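So the chains spell out like this:
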Amino acid sequence: MKVSKRWLLEFIDSAQSAEALAEAFTLAGLECEVEAAAPDRRLAQVVVGRIVAAAPHPDADRLQVCEVDTGEARPRTIVCGAANARPGLRTAVALPGATLPNGLSVQSQAVRGVESAGMLSSAQELGLAESSSGILELDAEAPIGTALAEWLALDDDILVFELTPDRGDALSVIGLAREAVALGLGQWREHSEGVTASAAAGGDEQGRARPVTIDAPALCPRYMGRCIQGVNAQVPSPDWLRERLRRSGLRSVSMVVDITNLVMLETGQPLHAFDDSRLQGTVRVRQALPDETIHLLNDQSYTLAHGELVIADDTGPVALAGVMGGQHAEMRLDSSAIFLESACFLPPAVAGTGRRHKLHSDAVHRFERGVDPAAVPRALERATHLILAMAGGEVIGTSNAGDVPAAEAAIVLRRSRLAWLLGIAVDDTRVARILSDLGFAVEAVDAGWSVQPPSWRFDISREVDLIEEVARVVGYDAIGAEGYAAHVAMQPVVEARLSDPALRAQLVARGFQEVVSYSFVEQALDAALNPDAARIPVDNPIAAPFNCMRSTLWSSLLPIVRYNVDRQCRRYRVFELARRYSAEPGVHPTVREEVMLAGAMWGSAYPEHWAQPDRMVDFFDLKGELQALVPGMDVSAGTHPALHPGRSGRVTLGAHGAIGWIGQIHPSLAKQWDIPESLLLFELQAEPLQQRRLPHAPHVPDYPASRRDLSLEVPEDVAAQALVETALRRGPEMLRDCFVFDVYQGAGLKNGCKAIALGLIFQDFSRTLTDELIDEAAQGVVGALHDEWGARIRG
């Protein structure tokens, strides 16, 4: 939001400098900086001139020799190449000796044999525009010979605001003037030009008004329209109007559009002008019909499938309400009849439409933050006054549908609560004056004040909001620092839970490097890695590849892998502890976020060393790393669409059940995404990994342990882990451990079989075990393995 200081001073009497105003606004929560109205406020030796005559240059097709009146005794001869140079035009003349903001020094010189005593300048050359197509065109009333800086009032400052989304009331000159008065920066100066008593009250339907109906009052409580005929839309905007818009960051379009923009900046109320001759029948404020289409002023067509609020006539939609007008009824230079719209579209009606169709405008920016419904008639009257004064015409009728929404309930501001939150005492009279100056209706009650927020403050709904208003006007620097009123105790560290930093530290200690990536990923890659997920698209991606929220962390890791492989990285181990996202279907769809630990390994199993033979990492290397990280973790055979069908597994952890996947990337994906086929991946739920049992020192046994080894022949599809689990589950109490120490496949075995060697550790804490007891227990384990898995002792 940019505001000219001169414009602001039309509403307040203030002797404050622009810098003082900016500082006061910033300290009150409205961040503000100061810019100059022009790179060179003086523009010395640049004056208003009038082209008396223009003739072709005798030696150049694209040049003209102009006779220019600059208020001196004789006209000056100036050679000009601008296409819009013509007799009668008043423009900016840089006299010899002038130095323009772009560094150009103007001197009298011969141009193709014709002496040129000055330069006709463009807005770009004067630093008044970033680009321009010809010399600056000034009003026909601009006094000849007057300094251009004086005529355009360039001795001005621009206040540039960076407003927070809750302060939509400050998106206008009037709103900022109201704020300045409350901050003690000046006194209010009534500015009632073009606002009649009937308009301030809302007025009634009068004259030959076009019928207006509101079919969606929950989205548009108030709509006013005014028919004006006989308007000369071809009249150019005056210099003061174009300059005011320029200093506010807007470009001049046409007289009528410029006026609606000016009134929007002044009052905060967006307006729209339709060509009344192109409207048919009744104007309706309604929601779009399914698959209804509209062609907007940006020359794009849109399909409306979500009940967007539209302005429609009897033929169909003519505008997206509060967003952008349609081409069907747009104002043109030959338009002479206007239907001027001023309405209160509530934030839900506009914000969703703008984001859904990726449309942003000054109107959207204001409506989605909340626009004062009481400003609707004031803005309409102000715009009407300016149009009639500058473009002519007459009002033939005014339509008024709906009314100002009922005021919200008053909020009680307790004196005790104010003092408790601020930590300082504020005089009752000062509190009431601050709130009154901000437009609140204040009434004293026993506990403090009953406060009615004004219609333009959509951000005030609770007592704490009122306390914030008092605090920022009093000044945060006036609130001294004090010690905490409450005792802040350190929270205990839960030993049974592994913290995020501790989990990361364990992986780093095992040779992994942490990566941090965007949650936005390429949708095609995410779909290939996790095809069954309910993905969440990103409406406005920061870049084309980041058009989807990741449903798996692998979508973020694979581009990192590819980047490092392309740079000759021979050994790489990475991990990321972050969230993945999925959509939860239902009547009210929600987003599910889940913290996951994911990682990737590829390349050499060990760092390069002369005494260590080189080999590539494999599935069992990754499994070993994770089991070292999480004791008790098991891996069972499983199939995942992103992993190699014979080299992948589902990870389970005790009572938590399945917590993720590990394995080698699927060959087809490796080829499609240019990833090494040997890449190993894992993705596990973080929460189960962070739950750990506290260390327990067992009793040192008094009696020795004994070991028996079993060499078993089992079918090929039996997992070694399944044998271990069965042995421990069905074995006697004195069986303390069971583990695999060899696996063999080859000659000497039946077809479809393999050999697995198990080590059994027996120990009793109350006695020494005899060979007979141990042999009997071992045979019992063999019997259990035979019953469940068909295992037998190798012959």
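Residues numbered from 1 in each chain as written. Predicted model: local features only at pLDDT ≥ 70, side-chain atom pairs only at ≥ 80, totals over all residues. Heavy atoms only, no water.

Participant: Any chance you could explain the overall build of the protein here in plain terms?
Facilitator: If you tally the helices and strands in the protein, you get 21 helices and 41 strands. In summary, the protein has a C-alpha radius of gyration of 39 Å against a globular reference of 28 Å for 795 residues, an excess of more than 25%. Overall size of the protein, expressed as C-alpha extent along the three principal axes, is 130 × 85 × 60 Å. Taken over 795 residues, the protein has a buried fraction of 47%. (Helix = DSSP H or I, 4+ residues; strand = E, 2+ residues; numbered from the N terminus. Rg over C-alpha atoms; globule rule 2.2 N^0.38 Å. Buried < 20%, exposed > 50% of the residue type's maximum accessible area, 1.4 Å probe, protein only.)

Participant: In this structure, what is going on with unusual backbone geometry? I would like to understand it.
Facilitator: Peptide bonds are trans in most cases, and residues, glycine excluded, mostly fall at negative phi. Its identity as a non-glycine residue notwithstanding, R112 has a phi of 55 degrees, on the positive side. Mapped onto the fold, R112 is located in the loop between β8 (109-111) and β9 (114-116). In this structure, K358 takes a positive phi of about 55 degrees despite not being glycine. If you trace the backbone, K358 turns up in the loop between α8 (347-356) and α9 (362-367).

Participant: Looking at this model, I keep getting lost on the pattern of salt bridges. Mind explaining?
Facilitator: Counted according to the given criterion, the structure contains 56 salt bridges. K2 serves as the salt-bridge partner of E35, at 3.8 Å between the closest nitrogen and oxygen. With E35 in strand β3 (residues 31-36) and K2 in strand β1 (residues 2-4), the pair connects residues that are 33 residues apart, well separated along the chain. Overall, K2 belongs to the partly exposed group, its relative accessible area being 29%. Among the ionic pairs, R366 bridges to D362, the shortest N-O distance being 3.9 Å. In this pair, R366 and D362 are both assigned in helix α9, 4 residues apart and thus about one turn of the helix distant. Given a relative accessible area of 3%, R366 falls into the buried group. Classification of D362 as partly exposed rests on a relative accessible area of 35%. (Salt bridge = Lys/Arg side-chain N within 4 Å of Asp/Glu carboxyl O.)

Participant: Is there a simple way to explain the side chain of E341 in this structure?
Facilitator: Residue placement: E341 occurs in strand β23 (residues 337-344). At 2.7 Å, the side chain of E341 forms a polar contact with the side chain of Y223. Contacts of E341, omitting those with residues within four sequence positions, involve Y223, M224, L271, H272, F274 and I311. (Polar contact = N/O pair within 3.5 Å; in protein donor to acceptor, adjacent residues only side chain to side chain. Contact = heavy atoms within 4.5 Å.)

Participant: Looking at this model, I keep getting lost on helix α10 (residues 375-391). Mind explaining?
Facilitator: At 3.6 residues per turn, the α-helix brings residues three or four places apart onto the same side. Here α10 is 17 residues long and its end C-alpha atoms lie 23 Å apart, about the 24 Å a rise of 1.5 Å per residue gives. Burial of α10 is extensive: 13 of the 17 residues sit out of reach of the surface. Remark: G392 follows α10 within two positions and exhibits a positive phi of approximately 75 degrees. (Expected span 1.5 Å × (residues − 1).)

Participant: Explanation requested: the sheet that holds strand β38 (residues 706-715) in the structure shown.
Facilitator: Think of a sheet as strands paired side by side through backbone hydrogen bonds, with each pair either parallel or antiparallel. Pairing within the open sheet is antiparallel, and its 4 strands lie in the order β39-β40-β38-β41. In the strand order of this sheet, the two ends are held by β39 (735-744) and β41 (792-793), each with one partner. Sheet topology places β39 next to strand β40 (residues 753-762); 8 bridges connect them, and they run antiparallel. Across the sheet, the residue bridging to V743 is I756, located in β40. Packing of helix α20 (residues 720-730) onto the sheet brings it into contact with β38, β39 and β40, and relative to β39 it is tilted by some 160 degrees. (Pairing = 2+ DSSP bridges. Axes fitted to C-alpha atoms, helices over the stretch in contact; angles between N-to-C directions.)

Participant: Before we go on, may I ask you to explain the confidence of the model for the protein in this structure?
Facilitator: Low-pLDDT stretches of the model should not have their predicted coordinates read in fine detail. Chain-level statistics for the protein give a pLDDT mean of 91 and a share of 97% at 70 or above. Taken element by element, the predicted model of the protein shows its lowest mean pLDDT in helix α5 (residues 197-201) (40) and its highest in strand β7 (residues 90-94) (97). For the stretch residues 194-205, pLDDT sits under 50, and the model shows 21 contacts to residues farther than four places along the chain or on other chains. (pLDDT = per-residue confidence, 0-100.)

Participant: Sorry, what's going on with the packing of aromatic side chains here?
Facilitator: Any aromatic ring pair is given by two values, namely how distant the centres are and how the planes are angled relative to each other. Tallied over the entire structure, the rule returns 9 aromatic pairs. Considering the side-chain rings of Y223 and F345, the 6.5 Å spacing of their centres and the 55 degrees angle between planes classify their relative orientation as tilted. Of this pair, Y223 sits in strand β15 (residues 222-229) while F345 sits in the loop between β23 and α8, placing them 122 residues apart in sequence. Comparing Y223 with F345 shows no difference in burial state: the two are buried. Geometrically, the ring pair formed by F512 and F682 is edge-to-face, given 6.3 Å between the ring centres and 85 degrees between the ring planes. Of the two residues, F512 sits in the loop between α14 (500-509) and β28 (513-514) while F682 sits in strand β37 (residues 680-685), which places them 170 residues apart along the sequence. With respect to class, F512 is no different from F682; both count as buried. An aromatic cluster of at least three residues, connected via ring pairs, comprises Y223, F345 and F367. (Phe/Tyr/Trp six-rings, centres within 6.5 Å; stacked < 30°, edge-to-face > 60°.)

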